[in-house]
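# Examining the three-dimensional arrangement
Here's the letter readout for the chains.
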Amino acid sequence: YKRKLNKSPSPFQIAAHRSGGRTSDLLPVSENSVAMILKTPEFGSTGIEIDVRFTKDGIPILYHDNTLNLREIQKCGLVGPIENYTYEQLSTFVRLIHGEKIPTLREALNAVVYQTELSFVWLDTKYVGSLKPVAAIQKEFLQIAATRGRKLDILIGLPGKDQLSQFLALPDYANTPSLCELSIEDVEKTNAKVWAPRFTEGTQNDQVDRIHAKGRKAFVWTVDVPEFITRFTNEGHFDGI
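A brief report on the enclosed structure follows. For clarity, every value in this text was computed on a predicted model and none was experimentally measured. (Residues numbered from 1 in each chain as written. Predicted model: local features only at pLDDT ≥ 70, side-chain atom pairs only at ≥ 80, totals over all residues. Heavy atoms only, no water.)

## Concerning the overall build of the protein
Here is the rule we go by: We count a stretch as a helix when DSSP gives it H or I for four or more residues in a row; a strand needs E for two or more, and each element gets its number in order from the N terminus. Just to be clear, the radius of gyration here is over C-alpha atoms, and the globule rule we use is 2.2 Å times residues to the power 0.38. Throughout, a residue-residue contact means that at least one pair of heavy atoms, one from each residue, lies within 4.5 Å.
The secondary structure content of the protein amounts to 8 helices and 10 strands. Relative to the globule expectation of 18 Å for 241 residues, the C-alpha radius of gyration of the protein, 18 Å, shows essentially globular dimensions. In terms of overall dimensions, the protein has C-alpha extents of about 50 × 40 × 35 Å along its principal axes. Considering only residue pairs separated by 6 or more positions, the protein has 58% of its internal contacts joining residues 24 or more positions apart.

## Here we look at the packing of aromatic side chains
Rules: Ring pairs shown here join Phe, Tyr and Trp side chains whose ring centres sit within 6.5 Å, with only the six-membered ring taken for Trp; geometry is labelled stacked below 30 degrees between planes, edge-to-face above 60, and tilted in between. Charge-over-ring placement is defined geometrically: NZ (Lys) or CZ (Arg) within 6 Å of the ring centre, and within 35 degrees of the ring normal.
Under the definition given, this model contains 5 aromatic pairs. An angle of 45° between the planes, with centres 4.8 Å apart, marks the rings of Phe120 and Phe219 as tilted. One end of the pair, Phe120, is in strand β6 (residues 120-125); the other, Phe219, is in the loop between β10 (217-218) and α8 (226-235), with 99 residues separating them in the sequence. The ring of Phe232 has Arg231 sitting right over it, with the charged end atom 5.7 Å from the ring centre.

## With respect to helix α7 (residues 205-213)
For an α-helix, 3.6 residues make a turn, and residues three or four places apart therefore share a direction. To keep it simple, the criterion reads: For every residue, the accessible area obtained with a 1.4 Å probe (protein chains only) is divided by the maximum for its type, and the residue is called buried under 20%, exposed over 50%, and partly exposed between those limits. The arc in question is the one spanned by the directions pointing from the helix axis to the C-beta atoms.
For α7, the set of buried residues is Asn205, Val208, Ile211 and His212. The arc that holds the buried residues of α7, viewed along the axis, is 115°, so those residues lie on one side. Summarising the geometry of α7, the exposed residues directed more than 90 degrees from the buried face are Asp206 and Ala213. For α7, the elements touching its buried residues are α6 (184-190), β9 (194-195), β10 and α8.

## What about the pairing of β6?
Put simply, the test is: The pairing criterion is simple: DSSP has to find at least two bridges between the two strands. Throughout, right-handed denotes a crossover for which the path from the first strand over the helix to the second runs clockwise when the strands point away from the viewer.
Of all 6 residues in β6, 6 are buried, a share of seventy percent or more. Across 6 bridges, strand β2 (residues 47-54) lies against β6 in parallel orientation. The residue of β6 that forms the bridge with Ile48 is Val121. Of the crossover connections in this fold, the one passing from β6 over helix α4 (residues 132-147) to the parallel strand β7 (residues 153-158) is right-handed.

## Describing the nonpolar core
Nonpolar side chains in soluble globular proteins generally cluster together in the buried interior. Keep this limit in mind: Each nonpolar core is a collection of buried residues, namely Ala, Val, Leu, Ile, Met, Phe, Trp, Tyr and Cys, held together in the definition by side-chain atoms within 4.5 Å.
Ranked by internal contacts, the top residues of the largest apolar core, which has 45 residues, are Ile37, Ile48, Ile50, Leu105, Val121, Leu123 and Val134. Of all the secondary structure elements, the ones that give two or more residues to this core are β2, α3 (105-115), β6, α4, β7, α5 (161-168), α6 and α7. Here this core takes 6 residues from α3, the largest share from any one element. Among all residues touching Leu105, those that are not within four sequence positions of it are Ile50, Val52, Pro60, Ile61, Leu62, Leu123, Val134 and Ile137.

## Some points on the pattern of salt bridges
Stated precisely, the cut-off is as follows: Here, a salt bridge means any side-chain nitrogen of Lys or Arg that lies within 4 Å of a carboxyl oxygen of Asp or Glu.
Applying the stated criterion to the full structure yields 16 salt bridges. The closest approach of N and O atoms between Glu31 and Arg18, which form a salt bridge, is 3.3 Å. One end of the pair, Glu31, is in the loop between β1 (15-16) and α1 (34-39); the other, Arg18, is in the loop between β1 and α1, with 13 residues separating them in the sequence. Comparing Glu31 with Arg18, the two get one shared label, buried.

## Notes on α5
All buried positions along α5 are accounted for by Gln163, Leu164 and Phe167. One face of α5 carries all of its buried residues, which in axial projection span an arc of 105°.

## Notes on the pairing of β7
Of all the 6 residues making up β7, 6 are buried; the element is thus mostly covered by neighbouring parts of the structure. Across the two faces of β7 the burial is the same, with Asp153, Leu155 and Gly157 and Ile154, Ile156 and Leu158 all buried. Pairing of β6 with β7, which is carried by 5 bridges, proceeds in the parallel orientation. Looking at β7, one finds that Trp122 is bridged to Leu155. Here 3 bridges tie β7 to strand β8 (residues 178-180), and the two strands are oriented parallel to one another. When the bridges of β8 are listed, Ile156 appears paired with Ser178. Assessed by its sense of winding, the connection that carries the chain from β7 through α5 to β8 is right-handed.

Shape descriptors only; they carry no functional weight alone.
Okay, here's the thing in C-alpha cells:
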C-alpha cells in the first residue's frame, strides 16, 4: 500500500468482472467459476461481480450469456438457453472452457466467505423473475460472514427496469442490500447502497458527490482499458471500478 488511489471518502474497491476475469482474457481458469473466484485476489481485486441465472429447476447458478455456447463451455452437444436445462443436466454434461463445472450461487458465495478475503460481491441478475430466492441466499451468507467476523457486502444488482420492479416486490426491499445501475432517483427509491453507472457517461463527479452526500457509494463499470482506469482513478470520485 503506497497511497490512496483516488479522492473517494472510503477505501477504493476493485470489483473484478465475471468473478475475476473473462475467459477471453486468456487466463488459466474460466470466467464465473469457483477457480476464478479463488484466483482473482492475485490480481489485486477486493471484490467480484458475478452473473446470476436460474436453471430449469430453479437453482441459481453463475453464467454470463443467454445460451450454452463455445465462448464459455467445451463442446458437449447441448445448445440453447441455459434455462432450458436442469442443474443435474448442466452438472453432468457441461464443463466450462478450462474444465470446471458451472457453479451454483451457493458454491460461489461459500468460496468467497471461507476461502478468500474479498469484501464485496455484486450479484448481477441476468434473468427476469422473482428475486426472492437470491435475496434469501444473500441474507444467509451475510449472516455467515458476520458470524465469522468478516466485513463483506453482498449486493443484488439491478441493471434494468424489470429487475427494479422485482426488487420493489420484495417484502423488505428497503433493508435488502442492493446496487442500482439506473438513475439516482431509482437508487433512492430502492434504498440501494451503491449507484453503478456505465463508464461511457464519464466521471460525473457532481452526481457522485450527490450520492456520497446521501451516505451511499458509487462504482463505475466496466473499466478495463488502462487509459480509462487511470482517468477514473485519478480524476473521478468513484468508490470503485
